[in-house]
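Next come the chains, spelled out residue by residue.
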Amino acid sequence: MTKTVYLGITGDIIHPGIINIINEGAKLGELIIGLLTDSAIVSHKRLPYLSYEQRRQVVENIKGVAKVVPQEDWSYVPNLKKYKPDLMIHGDDWKTNYLSKIREECFEVMKEWNGEIVEIPYTKGINSTALAENAASIGTTPDIRRAALRRLIAAKPIVRILEAHSGLSGLIAEHAAVTKEDGVHQFDGMWSSSLTDSTSKGKPDIEAVDLTTRLQSLTDILECTTKPIIYDGDTGGIPEHFVFTVRTLERNGVSAVIIEDKKGLKKNSLFGTEAKQVLATEEEFCEKISAGKRAQVTKDFMIIARIEEIIAGYSVDEAIKKAFAAVKAGADGIMIHSKNKSGMDIKEFCHKFRAEYKNIPIVLVPTTYNQFTESELCEWGANIVIYANHMLRASYPAMRRCAEKILEAERSLEVNDMCMPIKEILELIPGTK
Ligand code: SPV
Ligand code: MG
């Protein structure tokens, strides 16, 4: 009887190493490919370029593949238990790499039905992770980048976004990574913040002091990164102008714009003032959202409604009422903001919003209530967390301390330890010679 053989792959970039293992697997029997889903992958690696469906189409047409099944987990074990293959095949590099623990578990579980694991020599000099890194350094397309945010929301319990106000801070959001027990933690995308963009230019955050410079910083970030971008659209301006903003952002591969329900001169929400910001009426806000939705060309772009009722001193119920109206007008997500430290107003909002809408994404910006972890915010019902200003806030004091130290010492020797070595700065940007 023909044996069944299991092989788990990502299938994003098909290279000779993968073809070799597929060929070897097919020689052993009927080859079942466990194709890792987006959510299985993003728990440990960056989102693949191609969607699951696109990857499935490619993989099921490779010679030797008998069938493709989804592998929903990063570990092969749940699928091995489900399909009980006679054989499992894997490259022998997993003996020593980050998969070594999963390898042991696979050997353990295959014993249950006398299954065997065949390890084949790993094709040297080529692997999907290195290829994906190279591809990332080449770039992305506006279509792939734009679509990535919706895919991440669907694939991850909570999407992690970091503010970027320049190419350099964009590079940090793109590459910063910390390895933890459950995998590599990275930011999923960037927030183009009106506050940090205007502050980095020495200007107040009062909406489009100069729209060209906002778009210039956005272009700088787009040029050196591949992750999705959420754009802070302030109030969005008047509906007739907002439709152009939507198209410009969409065309550039931005995934979402967030507009707030304010009108008149916009002030930053965290600005401590007694003078209340004037809020747009439900009707005015909804008209703008609908106009934006009608203007967009792709189905991937998102317009997220930012509800400022709590900031402006109104109740959570008032905020909920505005949020429900925004969703009915077509908003693809809701950002609820507060500058209260307890976070309890936000928790109450999330609870009430989730009672009505199970799947509309909730975006949180926990600048003041930052005692809560991502998993706690996720439990409240949040889908996206934005660290909205930290790159700028971290850089300014560091630069000022350095400037003051030079003044004190009347030379720069004393700041050596505060500064990145010249060699490293030259190597930071690819292409620097
Ligand atoms: C921004 O980053 O510009 C924002 C978020 O709008 S906040 O500053 O918290 O209002
Ligand atoms: Mg802003």
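Data block above holds the structure.
In this text the structure is predicted, and so the values were computed from the model without any measurement.

Draft legend 1. Region of the structure containing the packing of aromatic side chains. Counted according to the given criterion, the structure contains 8 aromatic pairs. Here the aromatic rings of phenylalanine 324 and phenylalanine 353 are separated by 5.9 Å at their centres, their planes lie at 45°, and the arrangement is tilted. With a gap of 29 residues between them, phenylalanine 324 in helix H13 (residues 316-328) and phenylalanine 353 in helix H14 (residues 344-356) connect regions that are remote in the sequence. Phenylalanine 353 gets classed as buried once you look at its relative accessible area, which sits at 0%. Geometrically, the ring pair formed by phenylalanine 353 and tyrosine 357 is tilted, given 5.4 Å between the ring centres and 40° between the ring planes. For the pair formed by phenylalanine 353 and tyrosine 357, the shared burial category is buried.

Draft legend 2. Seen up close, the site of ligand 1. Close contacts around ligand 1 come from Trp191, Ser193, Ser194, Leu195, Asp232, Asn268, Ser269, Leu270, Arg306, His337 and Ala388, and that covers them all. Between ligand 1 and the protein, one listed contact pairs an oxygen atom with a side-chain N or O atom of arginine 306 at 2.7 Å. Contacts to ligand 1 include histidine 337, whose side-chain N or O atom sits 2.7 Å from an oxygen atom. Calculation on ligand 1 without its partners gives an accessible area of 280 Å², and the protein chains cover 100% of this total.

Draft legend 3. Seen up close, the coordination of the magnesium ion (ligand 2). Distances from the magnesium ion (ligand 2) to its protein donors, namely Ser194 (OG) and Asp232 (OD), fall within the range 2.1 to 2.2 Å. A residue pair is termed long-range when its members are at least 10 positions apart, and serine 194 in helix H9 (residues 194-200) and aspartate 232 in strand E10 (residues 229-232) qualify at 38 residues. Residue serine 194 is classed as buried on the basis of its relative accessible area, which comes to 4%. A relative accessible area of 4% means that aspartate 232 is categorised as buried.

Draft legend 4. Here's a closer look at the sheet that holds strand E5 (residues 116-120). Taken together, the 5 strands give an open sheet; going across it, the order is E3-E2-E1-E4-E5, and neighbouring strands pair in parallel fashion. A single partner strand is all that each edge strand has here, and the edge strands are strand E3 (65-71) and E5. In this sheet, neighbouring strand axes are inclined to one another by 30° on average, regardless of whether the strands run parallel or antiparallel. With 5 bridges joining them, strand E4 (residues 87-91) and E5 adopt parallel strand pairing. Bridged to glycine 91 within E5 is isoleucine 120. Sitting on the sheet, helix H1 (residues 16-28) is in contact with strand E1 (4-9), strand E2 (30-36), E3, E4 and E5, with an inclination near 160° to E4.

Draft legend 5. Region of the structure containing helix H5 (residues 100-111). Its 12 residues place the ends of H5 17 Å apart at the C-alpha level, agreeing with the 16 Å of an ideal helix rising 1.5 Å per residue. Within H5, the full set of buried residues consists of Ile102, Arg103, Cys106, Val109 and Met110. In a view along the axis of H5, the buried residues occupy a sector of 130°, so they form one face of it. Structural note: H5 exposes Lys101, Glu104 and Lys111 on the side pointing more than 90 degrees away from its buried face. Packed against the buried residues of H5 are helix H4 (77-83), E4 and E5.

Reading the values: rules and limits
Counting from 1, residues in each chain are numbered in the order their sequence is written. Chains and ligands are labelled sequentially in the order written, the chains with letters from A and the ligands with numbers from 1. Residues qualify for local features only when their pLDDT is at least 70, as the model is predicted, and side-chain atom pairs are given and counted only at 80 or more; totals for whole chains, interfaces and linings, by contrast, use all residues. Processing note: side-chain calculations cover all non-hydrogen atoms of the structure and skip hydrogens and water entirely. In this scheme Phe, Tyr and Trp rings, the latter by its six-membered ring, pair at centre separations within 6.5 Å, and the angle between planes marks the pair as stacked below 30 degrees, edge-to-face above 60, and tilted otherwise. Each helix is a run of DSSP H or I of at least 4 residues and each strand a run of E of at least 2, with the numbering of both proceeding from the N terminus. Only protein chains enter the calculation, and the probe is 1.4 Å; a residue is then buried if its accessible area is under 20% of its type maximum, exposed if over 50%, and partly exposed in between. The rule for a residue being near a molecule or strand is that one of its heavy atoms must lie within 4 Å of it. Polar contact is defined as a pair of N or O atoms within 3.5 Å, subject to the rule that within protein one atom must be able to donate a hydrogen and the other to accept it, and that residues adjacent in sequence are counted only when both atoms are side-chain atoms. Note on areas: these come from Shrake-Rupley sampling with a 1.4 Å probe, and a residue is covered only by the protein chains present in the view. Note that water is not among the atoms considered, so a metal site may appear incomplete; the donors listed are N, O and S atoms within 2.8 Å of the metal, with 3.2 Å applied to Na, K and Ca. Any two strands with at least two DSSP-identified bridges between them are counted as paired. The angle between two axes is taken between their N-to-C directions and runs from 0 to 180 degrees, where each axis is a line fitted to C-alpha atoms and a helix contributes only its stretch in contact. Contacts are assigned to residue pairs with any non-hydrogen atoms lying within 4.5 Å of each other. Here the expected span of a helix is defined as 1.5 Å times the quantity of residues minus one. The arc in question is the one spanned by the directions pointing from the helix axis to the C-beta atoms.

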